[in-house]
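Structure assessment
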Amino acid sequence: MNFSPAGVLNADLHCHSNVSDGTLSPEDLAARARANGVQLWALTDHDEVGGQHRARAAALSLGLPYLTGTEISVTFAGETVHIVGLGFDPDDAAVVEGLARTRAGRRARAQEMAEGLARVGIHGAYEGALKYVGNPELISRTHFARFLVEVGACRDTQEVFRKYLTEGKPGYVPHRWASLRDAVGWIVNAGGVAVVAHPGRYKFTVNEEYALFSEFREFGGRGVEVVTGSHTQQDYVKYAALAEEFGLYASRGSDFHSPDESHTDLGALPYLSGTLRPVWEALADRIQWPS
């Protein structure tokens, strides 16, 4: 199977399984991607590569080309930024050990979140969130959000985040993640390409954003998500221009988590502009093809 490297490829290079904070298994995600017309797929679980071999096997069995992926949590300028890694070796020792260190603080953070929620009358949140967690090391705000919807505290997970889980709200607890240098280094040294995920979501000033992309490129980063589930049309235009300004490859991914929660399904995004260099051009020798 071959495809053109042009921006019209239906690539989905950002989504999550129940190995992190999604609700579907790697196998079910592969089937959904294939059914939705995805032509190149990557599973990018948060700070985790435990689902990679399953995702690859499922994709290739369905005739779907596959790229290794993960989404690493990074602290930059006091904010959490996500860096997607694509096409790296998932068994690389530095990657595995670095992601394990990044995951290590999640449990203590989750217990602090539950204490904050208890102070406003929502009790048992830690135990409730654990019901939604496949891997307790990866307990996250999303799992708390699902519990708060279950007990009727909010109508949906979006309302939970607005009322309880963002900065200044009762259940918000910051966490110090990996450094930008380390995250990019793990990916690059394992043979992959590092991509800034959904930059339109970060609340940076113009100068802070410029610093992020300058340092990212200096450390070896090569891509930016231009078309992604949380971006607006204005974001598409802004980050297409930024990709060209910094000489970065453009990536595309739904950031799909769940059929019941995600606004954008696998494979349902607009195509990349033909003026951009798609990230799969830089990863041509890393794509795993069905036999």
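Before going into details, it helps to say that this report is about the structure given with it. Since we're looking at a predicted model, the values are computed, not measured.

1. Observations regarding the packing of helix α1 (residues 26-35) against helix α2 (residues 52-61)
The contact between α1 and α2 brings their axes to 8 Å, and the two run at 35°. Both α1 and α2 take part in a crossing whose hand is right-handed. The residues of α2 that touch α1, namely those facing P26, E27 and A30, are R54, A55, A58 and A59. Looking at the contact of α1 with α2, its residues break down into five nonpolar, no polar and two charged.

2. Quick word on the sheet that holds strand β3 (residues 66-67)
Pairing is parallel across the open sheet formed by three strands, whose spatial order is β1-β2-β3. The open sheet has two free edges, formed respectively by β1 (11-12) and β3, since each of these has just one partner strand. Pairing between strand β2 (residues 40-42) and β3: two bridges, direction parallel. Paired with W41 across the two strands is Y66, which belongs to β3.

3. Some thoughts on the nonpolar core
Grouped burial of nonpolar side chains is what soluble globular proteins tend to show. With 55 residues, the main nonpolar core has L13, I83, L180, V226 and V279 as its most contacted residues. Setting aside chain neighbours within four positions, we find L13 in contact with L40, W41, A42, T44, L67, V84, L86, S251, R252, G253, V279 and W280.

4. Notes on the side chain of D21
Along the chain, the position of D21 falls in the loop between β1 and α1. Although D21 is buried, it makes no salt bridge; R146 carries the closest opposite charge, 5.9 Å away. At 3.5 Å, the side chain of D21 forms a polar contact with the side chain of H46. Apart from residues lying up to four places away in sequence, D21 is in contact with H16, H46, S140, T142, H143, R146 and H257.

5. Observations regarding helix α4 (residues 106-118)
Given 3.6 residues per turn, any residue in an α-helix points the same way as the ones three and four places further on. Relative to the 18 Å expected for 13 residues at 1.5 Å per residue, α4 spans 18 Å between its end C-alpha atoms, a close match to the ideal helical length. Here α4 has its buried residues at R106, R109, A110, M113, A114, G116 and L117. Looking straight down α4, one finds that the buried residues subtend no more than 160° of arc, so they occupy a single side. Buried-residue contacts for α4 involve β4 (69-76), α3 (93-103), α5 (125-130), α6 (141-150) and α7 (157-165).

Rules behind the numbers
- Residues numbered from 1 in each chain as written.
- Predicted model: local features only at pLDDT ≥ 70, side-chain atom pairs only at ≥ 80, totals over all residues.
- Heavy atoms only, no water.
- Axes fitted to C-alpha atoms, helices over the stretch in contact; angles between N-to-C directions.
- Helix = DSSP H or I, 4+ residues; strand = E, 2+ residues; numbered from the N terminus.
- Left-handed = near helix turned anticlockwise from the far one by under 90°.
- Contact = heavy atoms within 4.5 Å.
- Nonpolar A, V, L, I, M, F, W, Y, C, P; charged D, E, K, R; others polar.
- Pairing = 2+ DSSP bridges.
- Core = buried A, V, L, I, M, F, W, Y, C linked by side-chain atoms within 4.5 Å.
- Buried < 20%, exposed > 50% of the residue type's maximum accessible area, 1.4 Å probe, protein only.
- Lys, Arg positive; Asp, Glu negative; His and termini not counted.
- Salt bridge = Lys/Arg side-chain N within 4 Å of Asp/Glu carboxyl O.
- Polar contact = N/O pair within 3.5 Å; in protein donor to acceptor, adjacent residues only side chain to side chain.
- Expected span 1.5 Å × (residues − 1).
- Arc of directions from axis to C-beta.

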